[in-house]
Amino acid sequence: MAILLRFFRRFLAYRTSLLLGLLCIPLAQLCDVGITLLVGDALDRAQDASDTEWMTRVLLLMGAYAVGHSVMRFYQRWLIVVVSRRVEVDLKTELFGKLVSLPFAYHDRSRSGDVVSRVTSDVEAVRMVLGPGLMYTLGALVILPISIGYLFTINATLALMMTLPMFTMGLTMKLLSGRLHRQSVAVQESISAISHRAQENFGGIRVVKGYAREDSQADQFEGTSAINRDNQVLLGNARGVTNAAIYGSFDLTFAVILLIGGLAAVDRTLPIGDLFKFIDLTIKVFWPLIAIGWILGMLPRAVASAERVEELLNEENPIAEGHEKIARADVRGALAFEDVSFTYERGTEPALSGVTVRVEAGETLGVVGPTGAGKSTLINLVGRLFEADSGRIHLDGHEVRELAFDALRGTVGYVPQDSFLFSETYEENIRFGADHEMTDAEVDALIERVAMKDEVACFPEGKKTLVGERGVTLSGGQRQRTCIARALARDPRILLLDDCLSAVDTETEKELVGSLRSAGEGRTVIVAAHRLSTVQAADRILVLTRSGEVEAIGSHDELLEREGWYRDTWEQQQRTESLSAAVNDEVGGAA
Amino acid sequence: MSEAKSEKEPGGALEIDRSELVATKVWDTSLFKRLLTYARPHRRLFLKSFAVLSLLFIGELLGTRIWKGAIDGPVAGAADAEDKAPFVQALLWWVGAYVALIAAMTVLRYFQTATLNKTGQAVVHDLRAAVFRHLQSLDLGFFDRRPTGALVTRVTTDIESLSEMFTSGIIALLFDSVKVLVVLGMLFAIDVDLALITMLTTPILIGISLAFRGGARRAHREVRARLARLNGYLQEVLGGIRVVQVFRREERVAARFNEALARYFEANRRTIFLFALFYPVMSLAVYLIQGAALWAGIGSIVGKGLTYGEFVQFWLLLNMLVRPIRELGERYNVLQSAFASAERIFQVLDTAPTVVPPATPAAVRTAPGQAPHIAFEDVCFSYVADTPVLRGISFEIPPGKTVAVVGATGAGKSTLVNLLLRYYDASSGRVAVDDVDLRELETSAFRARFGLVLQEDFLFAGSVEENLVMDRSEVSAASLAEAIDAAQARDLVNGLEGGLAAEVAERGATFSTGERQLLAIARALAAEPDVVVLDEATAAVDSATEHRIERATSRLLAGRSALVIAHRLSTIRGADEILVMARGEIRERGTHDELLAAEGLYAKLHALQYAAASA
Ligand SMILES: Nc1ncnc2c1ncn2[C@@H]1O[C@H](COP(=O)(O)OP(=O)(O)OP(=O)(O)O)[C@@H](O)[C@H]1O
Ligand SMILES: Nc1ncnc2c1ncn2[C@@H]1O[C@H](COP(=O)(O)OP(=O)(O)OP(=O)(O)O)[C@@H](O)[C@H]1O
Ligand SMILES: [Mg+2]
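About the criteria used
- Residues numbered from 1 in each chain as written.
- Chains lettered and ligands numbered in written order.
- Predicted model: local features only at pLDDT ≥ 70, side-chain atom pairs only at ≥ 80, totals over all residues.
- Heavy atoms only, no water.
- Helix = DSSP H or I, 4+ residues; strand = E, 2+ residues; numbered from the N terminus.
- Rg over C-alpha atoms; globule rule 2.2 N^0.38 Å.
- Buried < 20%, exposed > 50% of the residue type's maximum accessible area, 1.4 Å probe, protein only.
- Contact = heavy atoms within 4.5 Å.
- Areas by Shrake-Rupley, 256 points an atom, 1.4 Å probe, with all protein chains shown as cover.
- Lys, Arg positive; Asp, Glu negative; His and termini not counted.
- Charge placed at Lys NZ, Arg CZ, Asp CG, Glu CD.
- Donors = N, O, S within 2.8 Å, 3.2 Å for Na, K, Ca; no water.
- Near = heavy atom within 4 Å.
- Polar contact = N/O pair within 3.5 Å; in protein donor to acceptor, adjacent residues only side chain to side chain.
- Nonpolar A, V, L, I, M, F, W, Y, C, P; charged D, E, K, R; others polar.
- Pairing = 2+ DSSP bridges.
- Right-handed = clockwise from strand over helix to strand, strands pointing away.

## Things to note about the overall build of chain B
Within chain B one finds 21 helices and 12 strands. Here the C-alpha radius of gyration of chain B, 35 Å, is well above what a compact globule of 615 residues would show, namely 25 Å. Taking the principal axes of its C-alpha atoms as reference, chain B extends roughly 125 × 60 × 50 Å. Taking all 615 residues of chain B together, 58% fall into the buried category. Contacts spanning at least 24 positions in sequence make up 79% of the contacts within chain B whose residues lie at least 6 apart. Accessible surface for chain B amounts to roughly 23500 Å². Of this, 59% is attributable to carbon and sulfur atoms. Averaging the positions of the 65 positive and the 69 negative side-chain charges in chain B gives two centres separated by 5 Å.

Below, the structure is given as structure tokens:
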């Protein structure tokens, strides 16, 4: 409950609208009660009905109440519900800001379906209870004492007895709240399972179809959906009990009125008009009460949801921005790793252990090694996507964790290995990288630089063509080159290239290596690759072992001189090539 | 023109698919009818619901009758009597009857909620499964154009909004019409004038709801579409969080998100306004009815000897009549929102796949276990009209042979794979399997014979074993072990905590790219496929491992066909035929040696690679 109060504080940002809206509630209720009293009195004076003036007055008054009621009702809903939506906007904005700032380790361990459901259905559950829910509750809390109080003045015993069934209702709700809570949580989880399954399926649809798994996926989905159905049915049964209790106590109230009111009427101590008031006010009290029952039913779920939202809001960001500020122009780009070790949160063995390597400003460092050696990890540590467990990483002599992100990430151009693109236009994906508004000429120059000019010209709408989610409508090599263009767009001091030419053909590779070399002129470059030809020209090459240790560091020629992974791999790559070269010569000679 | 437009709207990603907003020319009634077809299999549940509702209704009517009886009987009778005892006695009988009635109704009320809910959930579950199943049958062109997050909303929030309608709306609504008629009849029985006057006001109510309907639906439709977009964007940003953070674009994506959020809020505001207005207008109309009833009622009491009991019964009945109308305000909102969702759902169900399964599917002629003969015959293809990607491609993969494809990026190599697996259909020409057009084969049976490694492969959240087996009964423990060995993934799997049972994160995020490829290769080999398709399968794998994989797979795949796409020429030298592609055409073909001899494109590529390696 306290947690909901904390969320309610967000509503106070709109206190004027909220207060006005809340004020409308009692006014609307009073008008409503007024009508009942009017009709009751009219009944008692029915014999005077020949008096048309009186009748007109009653009807006019009733009309005025009715209009008042309606106007108040409108403002009540309009003001309060809009405020609740505004709070929703605020919350979602804050959650989104939080999400984009959380480190990758968080995103690694959380399921995106779950995160999305926190931002959507959990926020909605909280909004419902605090916005419209509050409105209904307040409505009930206002009309209840007014009506009962008024009825008290007519017949105290009857009014008192009337409240008894309501206690029955409260008790039942209390008894059932545990069960309701459990079942709503189960329902919530099964919904989240459905969305998780759907998302995985749609994301991997090519694989699903390629393996003809559509039917089995549909069966599995149906199973998940059936679990949800069964949970919903159980929850519905629990709701059935509470509903029966609510309506039962309502009917029981009528029975009390019939008994006590009837007895009093028989005794002639209660005029028929008053009996009418009892009946009609009960009906009017009843609907808000049902609403309260509805809110009480939602409360357990809202509390659970609020907890999930708050958990996300309070998620600590262990990768805090440093305070040391360097102007971006002053960053030279010398990087140094000193005895850096790192183990992934979910990893069993260290991905990097005791790595020490220096890259002077303007130098190129090649990173090679077997699959899973830790090349990407090393690259990710530079931008502090993950934080090294031990050891230090320096940029121009400053420790990276002391640096403001602006100096650190602001000077880095990054080409991820999975070549992620946004589902925006081709051009916007490149502009994404630039800190300034790029001119069309600059964009065109970059497109040319990554050897995509001809291909982009062939796209249906040129560079305004939308690329699908993650760039699915581009070929693998096109995606990679677009990522390179995006990285170059920010004119970085440090260029991080994570296996960025793996999906590019030899001719384009050749072209790109040349282009990157000239682009890398004066920049610090770290390039991870499997094809040694990509790193061959680097000033220094770092060879990582399978377990993430440094096997050797040196230039291409130095590395060839000693025994080890580099020479073996080089020879292997050479052997296949020279073999075919020999064939080439032979065939060429024969021709 | 179109350029100017897209420049003005940089939020291309935020744009909702306008087609989602267009009314699908479906009137409520036909939408309603269509929804009811999903109810048909659950007829019994529906009948049960109606039975419960009818009993409850009768109970409510009886309740008003008891009030009339009690007021006109003992209460009125006692007026002039000296000895009140018999009247008290009579009143107690009435109260007794009332309490008995209440007890019965309370039980019925439980069944009302439980049964209605059960019915609704049953229907909704069917619908959800149907939508998902239908989505599975759609072609990749459909998925290419839609963000995953937005598609997910179709089977989640859209369906949930329907569920609300089924549980709290549609049955009750159907029943309400019956109710209104009966109650009206009873009103007439009590007092014709009173009833007539009441009835005259009903057209007002109907008019109001009709007036609101169009606006409300439009507004809800927009809310649904905006919400789907918002969630889609959130999902997308979560997927690219590394890029966002390293590029320091947190603020930019947040600005985008907020823009989408603002549009969603605006759409919401419209529904709130309509809803806020609808309710008071309805209740004003209700007061009008009540005022008319009061006026006429008092007239009748005085003029025509209407009893007080009858008036109270009339008032209670009126409440029964008015309650559904009042509630309609709430229900209407649910209903309009549900209808908007129903439209979106039916839109998906009405999307016909462009890759159509044949009416009478043929089986692949070659028996499983043997490689079929595959041929591309003068195939042309374009993803988007007027931008041809493949032009007149012809080649064959004879049984047991390996065909390799090389060529510039964007030449259309992966597109060949897309066509071979019938992800898309060729615009002209045909892909033939044992001389039967692919379009006449049973697609899933055909695909099941493939072992596939895509350029962008995908690991599912779940266990490693689930990812490798993929629910295929053909995969035995032995073939799985063999595949893992051949893919050089043994060390990887053994190194995982729990081995094969180890958990895989979404998209395999906790593996390195190369490791993901090893697992994808193992998955492709596990079912002992007849044809293997490898699209840049080892692009992120080191040479030594790659070499070992090649040796192991060629042993494993003896006698099977293969289509191999690679940029590293070393990986395809052993192929029986090599196709060199450029700009959607096959420029050269032959074996490695023949191609080198031809001194064409291939020889040039080769020289380049060689030069790069020794430069
Ligand atoms: N998010 C993660 N959580 C846990 N373990 C991880 C994560 N990312 C990578 N690993 C593990 O850390 C090791 C190093 O991974 P990394 O991605 O750095 O390798 P790599 O050298 O880039 O490989 P590749 O050549 O395949 O790209 C691998 O064994 C991998 O399984
Ligand atoms: N789903 C799609 N929708 C629209 N266009 C597409 C789609 N997929 C690919 N294309 C376009 O078709 C062309 C051929 O792409 P394809 O993926 O077949 O190239 P590729 O030869 O495999 O290249 P790479 O070596 O880079 O992987 C490219 O210009 C690409 O932009
Ligand atoms: Mg490709």
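That shown, we press on.
## Here's the deal with the coordination of the magnesium ion (ligand 3)
Residue and element names in this part refer to chain B. Ligation of the magnesium ion (ligand 3) by protein atoms is provided by Ser414 (OG) and Gln455 (OE1), these donors lying 1.9 to 2.2 Å from the ion. Taken together, the residues span a long stretch of sequence, with Ser414 in helix 13 (residues 413–420) and Gln455 in the loop between strand 6 (450–453) and strand 7 (462–463) at a distance of 41 residues. Residue classification places Ser414 among the partly exposed residues on the basis of a relative accessible area of 22%. Residue classification places Gln455 among the buried positions, given a relative accessible area of 18%.

## What to know about the site of ligand 1
Taken together, 21 residues form the shell around ligand 1, and within it Asp108, Ser376 and Thr377 of chain A together with Gly514 and Glu515 of chain B come nearest. This site is not confined to one chain, since residues near ligand 1 come from chains A and B. A distance of 2.6 Å separates an oxygen atom of ligand 1 from a polar side-chain atom of Ser376 of chain A. Residue His530 of chain A places a side-chain N or O atom 2.8 Å away from an oxygen atom belonging to ligand 1. When isolated, ligand 1 has an accessible area of 630 Å², and the protein chains bury 89% of it. Of all the secondary structure elements, the ones that give two or more residues to the shell around ligand 1 are helix 10 (375–382) of chain A together with helix 18 (513–526) of chain B. Of the residues assigned to the shell around ligand 1, the class counts are 6 nonpolar, 12 polar and 3 charged.

## What to know about the pairing of strand 10 (residues 561–565) of chain B
Residues and elements named next belong to chain B. The element strand 10 is extensively covered by neighbouring structure, given that 5 of its 5 residues are classed as buried. Covered by surrounding structure in strand 10 are Ser561, Leu563 and Ile565 together with Ala562 and Val564, the residues of both alternating faces. Two elements, strand 3 (residues 402–407) and strand 10, share 4 bridges in a ladder whose sense is parallel. By the bridge assignment for strand 10, Thr402 is matched with Ala562. Bridge count between strand 9 (residues 531–535) and strand 10: 5 bridges; the pairing is parallel. Looking at strand 10, one finds that Asp535 is bridged to Ile565. In the classification by handedness, the crossover that spans strand 9, the intervening helix 19 (residues 543–556) and the parallel strand 10 is right-handed.

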